[in-house]
Amino acid sequence: MVRPRTRCSTMSNVTDHIEAMASELASRTIVQIVFETGFHVLILLIALIGNLCVLYIFYKFPRLRKVTSYYVTTLAVSDVANAVLVMPVAVVISAVGYNVQNLISCTVIGTIGYTLVLVSLQTTTLIAINRFFCVIKPSIYRKHFKPKPAKIMIIGLWCFSLGLVLVIVASGMGNFYFHPGRFVCILAFCDRTFERVITSLMILVFVVFPIVIAVICYARIIKVVEHHKATARKRVHQESSLSKDEVEITRSLLAVVLGFIFCWIPCSVVFQLEVYMDLPREVEMIFIYSNFLSSAINPILFNVYNKPFRKLFYKIFFCKNNTVVVELAPNKPTK
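Residues numbered from 1 in each chain as written. Predicted model: local features only at pLDDT ≥ 70, side-chain atom pairs only at ≥ 80, totals over all residues. Heavy atoms only, no water.

Next up on the list: the overall build of the protein. For the protein, the count of helices and strands is 11 helices and 2 strands. Reading the protein from its N end, one meets helices and strands in the order α-α-α-α-α-α-β-β-α-α-α-α-α. Taken across its 335 residues, the protein has 51% of its residues classed as buried. The contacts in the protein between residues at least 6 apart in sequence include a share of 77% that link residues at least 24 apart. For the protein, the exposed surface amounts to about 17,000 Å²; the carbon and sulfur share of it is 69%. (Helix = DSSP H or I, 4+ residues; strand = E, 2+ residues; numbered from the N terminus. Buried < 20%, exposed > 50% of the residue type's maximum accessible area, 1.4 Å probe, protein only. Contact = heavy atoms within 4.5 Å. Areas by Shrake-Rupley, 256 points an atom, 1.4 Å probe, with all protein chains shown as cover.)

This model, assessed by the stated rule, comprises 1 disulfide. A disulfide bridge connects Cys 106 with Cys 185, and the sulfur atoms are separated by 1.9 Å. Since a negative S-S torsion denotes a left-handed disulfide, the Cys 106-Cys 185 link at about -130° is left-handed. Pair noted here: Cys 106 is in helix H4 (residues 103-136) and Cys 185 is in strand S2 (residues 184-189), with a separation of 79 residues, a long-range link. For Cys 106, a relative accessible area of 3% translates into the label buried. There is no disulfide at Cys 263, and the cysteine sulfur nearest it, in Cys 267, is 8.7 Å away. The exposure class assigned to Cys 263 is buried, which follows from its relative accessible area of 1%. (Disulfide = S-S within 2.5 Å.)

Before going further, it helps to examine the side chain of Gln 101. Along the chain, Gln 101 falls in the loop between helix H3 (67-96) and H4. Once you skip the residues sitting within four places of it in the chain, Gln 101 turns out to touch Val 89, Ile 93, Cys 106, Ile 109, Phe 178 and Cys 185.

Turning our attention to the environment of Thr 15. Following the sequence through the fold, Thr 15 ends up in the segment before helix H1 (16-26). For the pair Thr 15 and Asp 278, spaced 263 residues apart in the sequence, the C-alpha separation amounts to 9.6 Å.

The next thing to look at is the confidence of the model for the protein. Summarising the model, the protein shows a mean pLDDT of 81, and 82% of its residues fall at 70 or more. For the stretch residues 9-13, pLDDT sits under 50, and the model shows 14 contacts to residues farther than four places along the chain or on other chains. Predicted confidence is poor over residues 236-240, with pLDDT under 50, and the contacts of this stretch with residues over four places away or in other chains come to 8 contacts. (pLDDT = per-residue confidence, 0-100.)

Moving on: unusual backbone geometry. Comment: phi is negative for the bulk of residues other than glycine, and the bulk of peptide bonds are trans. Residues other than glycine seldom take positive phi values, yet Phe 183 does so here, at roughly 65°. Classification of Phe 183 as buried rests on a relative accessible area of 0%.

This part covers the pairing of strand S1 (residues 174-179). Of all the 6 residues making up S1, 6 are buried; the element is thus mostly covered by neighbouring parts of the structure. Taking the residues that link successive antiparallel strands as the turn, the S1-S2 hairpin has 4 residues, and the phi of Phe 183 there is positive, at about 65°. (Pairing = 2+ DSSP bridges.)

Mapped onto the present numbering, the UniProt feature "transmembrane region" (unreviewed entry) falls at residues 39-59, 80-100, 112-133, 154-178, 198-219, 253-273 and 285-305. Counting secondary structure, residues 112-133 comes out at 100% helix and 0% strand; the distance between its end C-alpha atoms is 32 Å. (UniProt positions renumbered as here; feature names shortened; annotations may be inferred.)

Shown next as structure tokens:
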């Protein structure tokens, strides 16, 4: 493999080990090529079709457009963009066995990929905070959690995520290069010590911190929801006045957050270990598979754990549209 041209005199991650992995990528057996490429294609299709369905349902039924739905829609948009702009390149590379990008396309697609990852991680944190105030502090939620602030916050996190990656690249602190163990271009830094520090810092800020926030929020939420169910059976008034729909939404978003944790813990472990030691190509592949999988499982979890959403999904794709409109437009006012 030809070493990529960069601004750094030495690239800490561009080593003989990377070249060895490039050789392994090119010399895979037919069975390996079919399995690895097929798995990529499967994840891509699930991520694309599933998240497009989520977006279509929110577009089709305006009554679903609550504050929480803006965050779910943001996740779906970032996952669709990942399936359209990033995953196809990995599929092609997996199929042909070598890098098909030049330095410019590697930088552009790498920037897009990192931006989408940062957006998804921050959005998942916002979902946990949103659910916490909705369930635990309903009065504060009704007063401060409005659509306009949510939209501003979402635009802000997109700008922050893109700006962070652009600053790193434009300043020369780091550059993108193709990593044959991950089928994509990744960000590497010129100084190895700095790379270790910034890698640990990014994992702490964008993975560990969101997981801690999500666990704390949902630990409180689960207690309230379980208490709500128990008192609802006894027909006792519940202080948080949780509706059945809110309980369903909370359960489905809890599943999404758990899916996020399930995907990003192994991904982060590989990301951290790679700056300290050489890892086999099979271990490096955990990084990209778990990364891509996080884009595919959200619509599945949302359909499995959100009964009203699942009913809308079935009605749209397996029933006549006029039947759906009649059933979803009741004359009774909502509380």
